[in-house]
Amino acid sequence: MSQLKPMSHMDDNDIPSTPGKFKSSYIHRLRYNFSLTKVTVWALVFFGLIFLSVFFRSPSSSKSDDPTRRALGTNNWGGPTWEKRVRTSARVRSGKGGMSVLVTGAAGFVGTHVSAALKRRGDGVVGIDNFNDYYDPTLKRSRQALLERSGVFIVEGDINDMTLLKKLFELVTFTHVLHLAAQAGVRYAMENPLSYVHSNLAGFVSLLEVCKSVNPQPAIVWASSSSVYGLNTKVPFSEKDRTDQPASLYAATKKAGEEIAHTYNHIYGLSLTGLRFFTVYGPWGRPDMAYFFFTKAILKGKAISIFEGPNHGTVARDFTYIDDIVKGCLGSLDTAEKSTGSGGKKKGPAQLRVFNLGNTAPVPVTDLVGILEKLLKVKAKKNVMQLPRNGDVPFTHANISYAQREFGYKPTTDLETGLKKFVKWYLNYYSAGKKSSG
């Protein structure tokens with residue numbers, strides 16, 4: 001694997017971009033002016049989308065009457081009992097000298113696992129989640145119950161509710177924020193694009209606006225995505241590769257998030273670390289992921305669609321087990337430097353990083369299906385078809401050398417081992433209490 005230059009304190013020249021060499025001062029000036037124009041256009045587009053999101057808000061799914069959804073501005077939080085639960089959940093175990101972390105999207109797949117891991121080692125954790133119905137909210141409620149048994153309180157609210165966020169920071173001096181809340185899914189963006197703008201852009205900006213103004217400012221670790229590599233054909237994907245060819249709106253919002261992070265780091269001194277997750281799977285996972293809905297379909301005797309690339313090419317993913325992702329999140333939090341701003345003003349250079357968190361071993365989707373057939377002891381009914389133009393890409397492959405150097409990231413779980421643990425959980429979860437898998 002290629003060795004990467006450390007990026008702990010990156011300037012504008014270190015930001016991943018389209019590679020090229022300038023051969024004359026004229027061309028240099030030409031490209032420099034073009035670059036400025038391009039950045040300006042992107043900025044106008046992104047903030048225009050945020051404007052649309054604010055004034056023409058779309059729920060994250062069509063089921064707007066779902067009682068689990070909460071509108072912004074409603075008073076479903078507050079009061080002495082609620083405040084006590086927040087403070088208690090945020091308390092660091094005595095003598096541990098740990099961190100106090102606000103985890104957004106805490107009832108999500110990754111959020112649940114990382115919150116539990118933080119609490120187990122003695123850190124203070126407060127979660128926030130809006131429990132939307134992009135997928136079955138019952139699963140999110142089950143994760144919430146799991147965390148509550150561990151002593152983690154999840155506040156029900158939206159990251160766009162800045163009044164709520166400010167209240168949480170009034171109650172707790174958070175040392176870190178782990179921002180995982182987002183509208184996920186590549187294909188759903190074609191159905192409900194504004195939900196991605198609302199959550200992934202406006203929501204991120206709302207959080208950063210609050211974080212820049214508190215004193216002391218927290219260090220922020222947040223979820224970007226391997227989707228930012230888009231149509232890139234160089235493998236394995238490195239943090240220094242071009243990321244200006246997104247193949248989906250989801251990818252575009254995550255790339256925009258990385259540019260927004262750079263802006264808040266540069267202007268306000270916020271310490272920001274972005275994590276590009278590669279196809280995370282495991283127990284308590286997301287029902288919209290292939291390994292999950294393949295399992296459901298195979299058990300019900302329904303056909304599954306397996307995509308192939310151009311000229312019958314293989315579609316492969318760098319499947320990464322959730323425990324390895326958790327180790328990456330903890331390593332990022334533990335090595336995050338303090339923000340340097342105060343009262344909304346930058347006092348000095350602040351840390352800005354982006355890491356790939358993958359398994360470095362891409363597996364064809366056909367092999368994934370074969371492993372599931374073996375574990376479930378059921379032969380899958382398969383429909384092989386061309387990869388549609390819905391934002392999916394033929395392959396992903398992570399170069400993780402930067403994360404290895406910075407905090408010793410080393411994935412240890414192969415796909416068959418991880419899927420065995422997932423299938424065991426799936427069968428237990430959906431048989432216990434006769435829960436429906438949809």
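For the structure, see preceding data.
All figures in this text were calculated on a predicted structure; none of them were measured in a lab. (Residues numbered from 1 in each chain as written. Predicted model: local features only at pLDDT ≥ 70, side-chain atom pairs only at ≥ 80, totals over all residues. Heavy atoms only, no water.)

## Quick word on the overall build of the protein
Right, so step 1: Along the protein, the regular secondary structure elements total twelve helices and 15 strands.
Right, so step 2: Within the protein, buried positions represent 55% of all 438 residues.
Right, so step 3: If you take every contact in the protein between residues at least 6 apart in sequence, the share linking residues at least 24 apart comes to 83%.
Right, so step 4: For the protein, the accessible area works out to roughly 19800 Å², and carbon and sulfur atoms hold 56% of it. (Helix = DSSP H or I, 4+ residues; strand = E, 2+ residues; numbered from the N terminus. Buried < 20%, exposed > 50% of the residue type's maximum accessible area, 1.4 Å probe, protein only. Contact = heavy atoms within 4.5 Å. Areas by Shrake-Rupley, 256 points an atom, 1.4 Å probe, with all protein chains shown as cover.)

## Some thoughts on the pairing of strand 3 (residues 153-156)
Right, so step 1: Burial of strand 3 is two-sided: the residues Phe153 and Val155 facing one way and the residues Ile154 and Glu156 facing the other way are all buried.
Right, so step 2: Relative to strand 3, strand 2 (residues 124-129) runs parallel, the two sharing four bridges. Opposite Gly127, over in strand 3, you have Ile154 as the bridge partner. (Pairing = 2+ DSSP bridges.)

## Observations regarding the pattern of salt bridges
Right, so step 1: As enumerated under the stated definition, the model contains 17 salt bridges in all.
Right, so step 2: Note that Glu156 and Arg141 form a salt bridge whose closest N and O atoms lie 3.2 Å from each other. With a gap of 15 residues between them, Glu156 in strand 3 and Arg141 in helix 4 (residues 137-149) connect regions that are remote in the sequence.
Right, so step 3: Asp241 is the salt-bridge partner of Lys234, the closest N and O atoms lying 3.1 Å from each other.
Right, so step 4: Owing to a relative accessible area of 42%, Lys234 belongs among the partly exposed residues under this scheme.
Right, so step 5: Judged by its relative accessible area of 9%, Asp241 is buried. (Salt bridge = Lys/Arg side-chain N within 4 Å of Asp/Glu carboxyl O.)

## A short note on helix 8 (residues 290-299)
Right, so step 1: If you check which residues of helix 8 are buried, you get Tyr291, Phe292, Phe294, Thr295, Ala297 and Ile298.
Right, so step 2: Against the buried residues of helix 8 lie helix 3 (109-120), strand 7 (280-281), strand 8 (303-308), helix 10 (365-376) and helix 12 (415-431).

## Considering the sheet that holds strand 13 (residues 352-357)
Right, so step 1: The parallel open sheet is built from seven strands, whose spatial order is 3-2-1-4-5-6-13. Both edges of this open sheet fall to strand 3 and strand 13, since each of them pairs with a single strand only. In this sheet, neighbouring strand axes are inclined to one another by 20° on average, regardless of whether the strands run parallel or antiparallel.
Right, so step 2: Of the strands in this sheet, strand 1 (100-104), strand 2, strand 3 and strand 4 (176-179) touch helix 5 (residues 162-171), which is tilted by about 170° from strand 2. (Axes fitted to C-alpha atoms, helices over the stretch in contact; angles between N-to-C directions.)

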